[in-house]
Every structure is written in structure tokens, then in C-alpha cells.
Amino acid sequence: MKPVKVGICGMGTVGGGTFDVLTRNAEEIARRAGRRIEIAAVAMRRPNPAIDTTGVHVTADVFEIATNPEIDIVIELIGGYDTARDLVMTAIQNGKHVVTANKALIAVHGNEIFAAAQEKNVMVAFEASVAGGIPVIKAIREGLAANKIDWLAGIINGTGNFILTEMREKGRDFADVLAEAQALGYAEADPTFDVEGIDAAHKLTILASIAYGIPLQFDKAYTEGISKITAEDVNYAEELGFRIKHLGITRRTETGIELRVHPTLIPENALLANVNGVMNAVLVDGDAVGQTLYYGPGAGALPTASAVVADVVDVVRTLTADRDNRVPHLAFQPAELSDARILPVEEVNSAYYLRLQVAERPGVLAHIARILGDKGINIEAIIQKQVDDDQVPVILLTQRVLESTMNEALREIAALPDTVGEITRIRVEQLAD
Ligand code: HSE
């Protein structure tokens, strides 16, 4: 059978890794795909000195690849929203299959892209867009197809996890660790996407869609970053038997679907609590299988290329198969997507870690406890630190409560004359059911 021709758009970290893997493992990949995969062209604005492109057509224009009649599969690795969207739509209109690692693109423009792909009968594969090298999309979309998925929670940003791990284990400075993540090629072009949770929210949006069969709704995701996590909170969390992780959590409830990214205290013996460095992990709870965990490198050239190339192999295999019977882009048949409501964060139930600075005076703690008690908020644990000062830090763990109720309680506590400065609030999850 004649080789399948691919064009790679973008030769940065992931593009270079994809070129490398397709070249070095060409024989093994052909044995799996049933035919050879040939890199017919690459588009790059700047040369990548690590890659030898001898014999491959090189252009600076990504659209040349999307319109090249020779090319069967366009591999989009330029990142970003607008040009990537135009590139992918042009490739689809030209009847090409697309493989992309671009989570921002899929989370924001995926509904439109999949509709166009459906229309043109081409595939858009995006395994590399979530959790780097972990085949979690394939696992949820195909391996768990028998299940009603109830919730999933994941560490889905390698840079953020690397920062939290280095801060906790080595007491390193936030900015210093972020600079290292950038040098290693883990961080987004705009690193606020990593530390403010936007990248994780892109990925969570995709996971929720394939878990529940809902359209992509990135604009409804609640996003909170890690930039306000302090060494104090890391230490108090440990004292209480927890670790702080930046999690993406989505849960199906009777009133709607939770879709939220935020720092979270989880029990220190939970598997997710022990996922460190740039590693990612996604814990999925299905009604038939129970909990399953997917773990591996969440960023980096070769791990991400591993997922990109696996998608290329998948697409190649479908070229000769029944095109009306492919695995649907969002796991469920397009006409079967549900319009379940995404819950605003005020309607989410969560337990909380609270850290307050209060005046050292009799009755202050009782006053705070009364405000919480009046709102039906149960206190699970409390630490009050004795310091040589007229102020003391108070750390509280509460049981689960509606976020809007907690907001009311915090407004009242903040208004007390004995409360000093801002109250820190971090959500707590047991990850048990
Ligand atoms: N910046 C992302 C991360 C890259 O750190 O996880 C992989 O999507």
C-alpha cells in the first residue's frame, strides 16, 4: 500500500519531537499502521537546529501544507487560537484529516471544528491535547465506553504540578521553578495559562465533554490558579494530613455538571497526592468499573509526540475502514450530545480549608464558630497557632457545604472587627466517591 503523507505545521518542542518519533520509529510504526507514514512537508517560521529535515519539503507557510493535494494528514502543532483555527478549518475544507495537540483550540473552537469535520467526513484527533503522553482520551472514549462516568479529577498541568512539587519538597521559589519549567519546554508560551489554571481548564473542558457527551463549554469552566498558594498553606495542609494539588474536577450531579479548576487539599495518602513533578494523572470514576487512574508525563517533546503519533496511526487505520462508523470526536454520537447545565461555582458543594488571621482575644474563635454553625457549616478540624503577638493564625477544616453558603459566612467573618487581612480559602476533596 502506498505511504500516507503527513505535513507537520510547527516545529517547536512538540513538532520537533513528532518529527523525531516518526523518523526514528518509522519501521515499528509502519508495522502497526499497516503502511508507511511519510513526512512530506514541514512548516516552520524558524529553523529547529535539533532536526535534520534533509529530503523533506520545508515552508514557512502553514497554509501551504493545509492546501497541498499530496498531503493526507495535517499535524497542527503551532498552538494558539486564531491561526490554528484557520489552519485546521482550511485543512478540513481541503478534505484532510487533522491531528492536533492544541487544547486551547479544541476547548474553544472544538464544536465548530468537529461539525466541519463531520460534514467533510474527516477525522480530527486530539489525544495529545490532554495530559501529554497519557492516552487518557482514548481510555475514556473507548476503554470506558460501557460506563456512566460520575466524576473525574486530574492533575492536568505539568508546569503547575512541577512548581507545587518543588515548592513543597525543596522550598524553592515560585518564579525560579517556573523559569526552569519554561527552559525545559513544559510551560505554555504565556505561562499565566499554566499558573492561573487556564491550560488545565482547556483540558478539563475536553475531558468533561468526552466523559458525559456534552458540547465543549470552556467559557463556563471555573478557574483559579496557584499563584496565591503560600508555604504556610502547604505546611498547615501537611499538619492536617493533606497535600495541595492543582486539580481539574468535573462531576455529574442531579442539578448539573461541575467544571472547576482550583488548588485543592487532598488526603496525603491519595494516589493523586503522590503525583509529582511534571507528571500528570487523571482519576476517573465510572459506575461499572469504579475508579481507574491514568498516570504519566504530562508535557515535554517526546511524551507529547507519543500521543500525536498514536493519533496519526489511528487516523491511518481508519482510512480504509467504514467512514460512517468511526469513534465519534466527543465519544458520543453527535446527535446524542446532551444539554446538561454546567453549574456556576456558587452551586458547587465542597469542603473547605480556611486560614484566618485574628486578634488574640477571648471569644473570637467562638464568634467565628457561631457564624459557621448558624449557616449549618460543620467544623471538622481546627488549629490555632500560639505566637508571641496580638494576632494568631486560625486554620479550619469544614465539612461539605454549598459554595454560596460559604461565601456568605466568609463575608460575615471578614466583617468582624477581630478578623485581620484576607481569608484564605482552599477547597478540600476526599476523592472517595
Ligand atoms: N504547559 C502544559 C503543561 C503543556 O505544563 O502541562 C502540556 O499541555
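(A) Here's a closer look at the domain arrangement of the chain. Taken domain by domain, the chain consists of domain 1 (4–133 + 301–336), domain 2 (136–297) and domain 3 (348–428). Overall, the association of domain 1 and domain 2 removes approximately 2100 Å² of surface from exposure, summing both partners, and the carbon and sulfur fraction of that is 64%. It is Lys 103, Ala 107 and Val 130 that lose the most area in domain 1 upon contact with domain 2, and together they represent 26% of the buried surface on that side. For the interface between domain 1 and domain 2, the tally reads 3 salt bridges. Of the charged contacts, one joins Lys 103 and Asp 199 as a salt bridge, the two residues approaching to 3.2 Å between their closest N and O atoms. Taken together, the connections running from domain 1 to domain 2 amount to 10 residue pairs in polar contact (both at pLDDT 80 or more). Looking at the side of domain 1 that touches domain 2, the elements with two or more residues in it are helix 5 (103–120) and helix 12 (301–318). Looking at the side of domain 1 that touches domain 2 element by element, the count peaks at 8 residues for helix 5.

(B) Up close: the nonpolar core. Membership of the largest hydrophobic core comes to 57 residues, with the highest contact counts inside it found for Ile 92, Val 136, Ile 140 and Leu 207. Per-element accounting of this core gives the leading share, 9 residues, to helix 10 (residues 198–212). With residues near it in sequence (within four places) discarded, Ile 92 still touches Val 98, Ile 113, Ala 116, Ala 117, Lys 120, Val 122 and Val 124.

(C) Focus on helix 1 (residues 13–24). Taking 1.5 Å as the rise per residue, helix 1 with 12 residues should run 16 Å; its terminal C-alpha atoms sit 16 Å apart, in good agreement. What helix 1 keeps buried is the set Gly 15, Gly 16, Gly 17, Thr 18, Phe 19, Val 21 and Leu 22. Buried positions along helix 1 lie against strand 1 (4–9), helix 2 (26–33), strand 2 (37–43), strand 4 (73–76) and helix 12.

(D) Seen up close, the pairing of strand 5 (residues 97–100). Side chains His 97 and Val 99 project from strand 5 onto one buried face, and the interleaved Val 98 and Thr 100 project onto a second face that is buried too. Direction of pairing for strand 4 relative to strand 5: parallel, over a ladder of 4 bridges. Its bridge partner lying in strand 5, Val 74 is registered against Val 98. Handedness of the strand 4-helix 4 (residues 82–93)-strand 5 crossover: right-handed. Two elements, strand 5 and strand 6 (residues 124–125), share 2 bridges in a ladder whose sense is parallel. Note on strand 6: the bridge partner recorded for Val 99 is Ala 125. Note on the crossover from strand 5 through helix 5 to strand 6: the handedness is right-handed.

(E) Summary view of the sheet that holds strand 1. If you trace the 6 strands from one edge of the open sheet to the other, you get 3-2-1-4-5-6, paired in parallel fashion. Every interior strand has two partners, whereas the edge strands, strand 3 (57–59) and strand 6, have only one.

(F) The arrangement of the pairing of strand 4 in detail. The alternating pattern of strand 4 places Ile 73 and Ile 75 on one face and Val 74 and Glu 76 on the opposite face, and all of these are buried. Of the pairings in the sheet, the one linking strand 1 to strand 4 comprises 4 bridges and is parallel in character. Each residue of the ladder has a partner; that of Cys 9, found in strand 4, is Glu 76.

(G) Local environment of the packing of aromatic side chains. All told, the structure shown has 2 aromatic pairs when counted by the stated rule. Relative to Phe 126, the ring of Phe 114 has its centre 5.3 Å away and its plane inclined at 35°; by these criteria the two rings are tilted. Placement of the pair is Phe 114 in helix 5 and Phe 126 in the loop between strand 6 and helix 6 (136–143), with a sequence separation of 12 residues. In this structure Phe 114 comes out as buried when scored by relative accessible area, which is 6%.

(H) A look at the environment of Asp 314. Along the chain, Asp 314 turns up in helix 12. Between the C-alpha atom of Asp 314 and that of Ala 125, which follows or precedes it by 189 residues, the distance is 8.5 Å. Side-chain polar atoms of Asp 314 contact the side chain of Lys 138, separated by 2.8 Å.

(I) Examining the site of the ligand more closely. Around the ligand lies a shell formed by Lys 103, Asn 157, Gly 158, Thr 159, Tyr 186, Ala 187, Glu 188, Asp 194, Asp 199, Lys 203, Gly 298 and Ala 299. At 2.6 Å from an oxygen atom of the ligand is found a side-chain nitrogen or oxygen belonging to Lys 103. Between the ligand and Glu 188, the relevant distance is 2.6 Å, taken from a nitrogen atom to a side-chain nitrogen or oxygen of the residue. Protein contacts shield 93% of the accessible area of the ligand, which totals 260 Å² for the unbound molecule. The pocket occupied by the ligand, as judged from atoms lying within 2 Å of grid points, is the largest pocket. Among the elements of the structure, helix 7 (158–170) and helix 10 are those that each provide at least two residues to the shell around the ligand. Of the residues in the shell around the ligand, the class split is 3 nonpolar, 4 polar and 5 charged.

Conventions and cut-offs
Residues numbered from 1 in each chain as written. Predicted model: local features only at pLDDT ≥ 70, side-chain atom pairs only at ≥ 80, totals over all residues. Heavy atoms only, no water. Domains from an automatic or database assignment. Buried area = accessible area lost by both parts, 1.4 Å probe. Salt bridge = Lys/Arg side-chain N within 4 Å of Asp/Glu carboxyl O. Polar contact = N/O pair within 3.5 Å; in protein donor to acceptor, adjacent residues only side chain to side chain. Helix = DSSP H or I, 4+ residues; strand = E, 2+ residues; numbered from the N terminus. Core = buried A, V, L, I, M, F, W, Y, C linked by side-chain atoms within 4.5 Å. Buried < 20%, exposed > 50% of the residue type's maximum accessible area, 1.4 Å probe, protein only. Contact = heavy atoms within 4.5 Å. Expected span 1.5 Å × (residues − 1). Pairing = 2+ DSSP bridges. Right-handed = clockwise from strand over helix to strand, strands pointing away. Phe/Tyr/Trp six-rings, centres within 6.5 Å; stacked < 30°, edge-to-face > 60°. Near = heavy atom within 4 Å. Areas by Shrake-Rupley, 256 points an atom, 1.4 Å probe, with all protein chains shown as cover. 1 Å grid on protein atoms, 1.4 Å probe; cavity = no way out; pocket = protein on both sides within 12 Å on 5 of 7 lines; lining within 4 Å. Sits in = over half its atoms within 2 Å of the grid points. Nonpolar A, V, L, I, M, F, W, Y, C, P; charged D, E, K, R; others polar.

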